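# What the coordinates show
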Amino acid sequence: MKRYYLIDHRILFFFGYVFYLFTPCLVGMTNAFPGYPGMELYQGFFRLIPKGKLLQYMLVTLSWLPAFYLGHFSFRLFVHHKRNLQLFPANPTTRAVSYVGLALLLVLALFAYLGRASLLGGYGSYDIAARGKMSTLLVIFNFFLLYQLLSTQKPSVFLVTGTLLTGLLLLSMGGRMYVIQTFLIYLIYKTSFAARRWPLSRIAIVLFAGFLAGSFMGLWRMNTTFKWDRAAYSLLAEPVFTWFSTSTYLISNDIPVVSIPWNFLTSFLNLIPNTIISFKPYLVSTGSMVKNYQNPLGADSVWSTIVINFGAAGSFLFIFITGFMLNLLRHISERSRFWAVYYICVCGMLPFQFFRDGFYIIHKQLYFNFLLFPALILIVLKTILLLQSNYKAPLNKPHLH
């Protein structure tokens, strides 16, 4: 029986598309959640959006869905077949990744000590530096745990323990998004490569449990008890407050047909660590490209980010290319362990982080955390293993007398 990805970029993009781009409009039009924190401010901004601008928003947004799937299906013009998914054979490198897990556990202990003031504090003791370190560490744990899960071997206890502990500590600091990424990565694995794949009934139960857990964490951060309306607010506040950036953009700016993507282009400079050289003076923010742009809670809606960078027509092309590239990645992942891990990690960020973070964060995830850094570690591991094998070979060679 052949197996393919049951949950892939098409489903995850569609969820994020509806959740982040239509939910805020629905909440604004129905004046939902009156009296809840932040909603009066949001409704105030929403009422200031000219109706013509809201219509333009809808037209641009509706164009993105066919753009994404046209990009996806256009890849089929070059490749017409899908390969059967199966676990990759274990090798010395996959087994040596266990030592990476041990090293990451030591880093976790260090980060936990440095950020001890933020642990169990939720948003009340918010420390962006401590939470940023923990978030990046969880991403690295995810990559190497998945690297072993996709192999015909048992995952390292160091990687499993480290992933769980990092996720729990991050939740105690008020961070949900990267823990949700971990959850999605495991869900994609269990519905694709796993020897015993989850059926649809199990998936539904797990997703419902994930909703309840996420709601509980959101309500814990608000220091309140569980009720269904509060749970709904905790869930929908994420896309609604992310949409602040779009609402303020629409109030004060006209939507261009095309635009020069200065923010997109300069965001690649953020890949270079500041300890080497600081390119911050050369980074162009989305806010500096338009008038009266605000994101009071720090999140940038993907809509305003992409439209400011590329314009209405340019955004259609950008989303088209995104759909094409994701299908290309899925195809490569069917025959390469590294690219399978990379593709699944990208899918993990697609329904949430892609729709709420600016390019400078997205690019750091895509090209450093998911790609360059793990690749460097794997290259070092393979080099050490090669040197060991070359060292042992002369010792095992028989001597002639």
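The following refers to the structure shown. The model shown is predicted, which means the values in this text are computed figures rather than measured ones. (Residues numbered from 1 in each chain as written. Predicted model: local features only at pLDDT ≥ 70, side-chain atom pairs only at ≥ 80, totals over all residues. Heavy atoms only, no water.)

### A short note on the pattern of salt bridges
Following the criterion strictly, the structure yields five salt bridges and no others. Between Asp 8 and Arg 330 there is a salt bridge, with its nearest N and O atoms 2.6 Å apart. Taken as a pair, Asp 8 in the segment before α1 (9–21) and Arg 330 in helix α13 (residues 302–333) lie far apart in primary sequence, 322 residues in all. Judged by its relative accessible area of 4%, Arg 330 is buried. Asp 357 is the partner of Arg 356 in a salt bridge, and the nearest nitrogen-oxygen pair spans 3.1 Å. Comparing Arg 356 with Asp 357, the two get one shared label, buried. Several salt bridges converge on common partners, so that one network encompasses Asp 8, Arg 10 and Arg 330. (Salt bridge = Lys/Arg side-chain N within 4 Å of Asp/Glu carboxyl O. Helix = DSSP H or I, 4+ residues; strand = E, 2+ residues; numbered from the N terminus. Buried < 20%, exposed > 50% of the residue type's maximum accessible area, 1.4 Å probe, protein only.)

### Remarks on the nonpolar core
If you look at the biggest cluster of nonpolar residues, it comprises 108 residues, and the most contacted ones within it are Trp 64, Phe 144 and Trp 303. Here Trp 64 is in contact with Tyr 17, Leu 21, Val 302, Trp 303, Ile 306, Val 307, Ser 315, Phe 316 and Ile 319, once residues within four sequence places are set aside. (Core = buried A, V, L, I, M, F, W, Y, C linked by side-chain atoms within 4.5 Å. Contact = heavy atoms within 4.5 Å.)

### Some words on the packing of helix α4 (residues 51–74) against α13
Angle between the axes and distance between the axes: these two values describe a pair of packed helices. Across the interface, α4 lies against α13 with an axial gap of 6 Å and an inter-helix angle of 20 degrees. Here α4 is positioned roughly parallel relative to α13, judged by the angle of their axes. The way α4 lies across α13 gives a crossing that is right-handed. Of the residues that constitute the contact of α4 with α13, the class distribution is 16 nonpolar, nine polar and one charged. (Axes fitted to C-alpha atoms, helices over the stretch in contact; angles between N-to-C directions. Parallel < 35°, antiparallel > 145°, perpendicular 65-115°, else oblique. Left-handed = near helix turned anticlockwise from the far one by under 90°. Nonpolar A, V, L, I, M, F, W, Y, C, P; charged D, E, K, R; others polar.)

### Here we look at the environment of Val 258
Among the structural elements, Val 258 can be located in the loop between α11 (244–252) and α12 (262–266). In this structure Val 258 comes out as exposed when scored by relative accessible area, which is 58%. Remark: the alpha-carbon pair of Val 258 and Leu 114, spanning 144 residues in sequence, is separated by 46 Å. For Val 258, the residues in contact, after removing those within four places along its chain, are Phe 310, Gly 311, Ala 313 and Gly 314.

### What to know about the packing of α13 against helix α14 (residues 337–349)
Contact pair α13 / α14: the axes reach a minimum separation of 8 Å and the direction vectors enclose 145 degrees. Classified by chirality, the crossing of α14 by α13 is left-handed. Counted together, Leu 326, Leu 329, Arg 330, Ile 332 and Ser 333 of α13 and Trp 339, Ala 340, Tyr 342, Tyr 343 and Val 346 of α14 form the full contact between these two elements. Considering only residue class, the contact of α13 with α14 consists of eight nonpolar, one polar and one charged.

### Quick look at a nonpolar patch on the surface
Among the surface-exposed residues, Leu 102, Val 157 and Phe 158 lie close enough to one another that they form a single nonpolar patch of about 240 Å² accessible area. By the element assignment, Phe 158 lies in helix α7 (residues 157–172). We classify Phe 158 as partly exposed; its relative accessible area is 31%. (Patch = residues over 30% accessible without salt bridge, like charges linked within 9 Å, V, L, I, M, F, W, Y side chains within 5 Å. Areas by Shrake-Rupley, 256 points an atom, 1.4 Å probe, with all protein chains shown as cover.)

### Overview of the packing of aromatic side chains
Note on aromatic pairs: each is described by the distance of the centres and the angle between the planes. Under the definition given, this model contains 48 aromatic pairs. Both rings, one in Tyr 186 and one in Trp 198, keep their centres 5.8 Å apart while their planes meet at 75 degrees; by these two values the pair is edge-to-face. Of the two residues, Tyr 186 is situated in helix α8 (residues 177–190) and Trp 198 in the loop between α8 and α9 (200–221); the sequence distance between them amounts to twelve residues. On the accessibility criterion, Tyr 186 (38% relative accessible area) is partly exposed. Relative accessible area serves as the criterion here: at 16%, Trp 198 is assigned to the buried category. Pairwise contacts between aromatic rings join Phe 33, Tyr 36, Tyr 42, Phe 45, Phe 46, Tyr 57, Tyr 233, Phe 241, Trp 243, Phe 244, Tyr 249 and Trp 303 into one cluster. Sitting over the ring of Tyr 113, Arg 116 keeps its end group 4.2 Å from the ring centre. (Phe/Tyr/Trp six-rings, centres within 6.5 Å; stacked < 30°, edge-to-face > 60°. Lys NZ or Arg CZ within 6 Å of the ring centre and 35° of its normal.)

### Focus on unusual backbone geometry
Backbone geometry at Phe 33 places phi at a positive 55 degrees, although glycine is not the residue there. Positive phi is not limited to glycine here, since Asn 292 has a value of about 50 degrees. Relative to the elements of secondary structure, Asn 292 occurs in the loop between α12 and α13. A residue is classified by how much of its surface remains accessible, and Asn 292, at 54% relative accessible area, is exposed.

Function-wise, these values are silent; they only describe arrangement.
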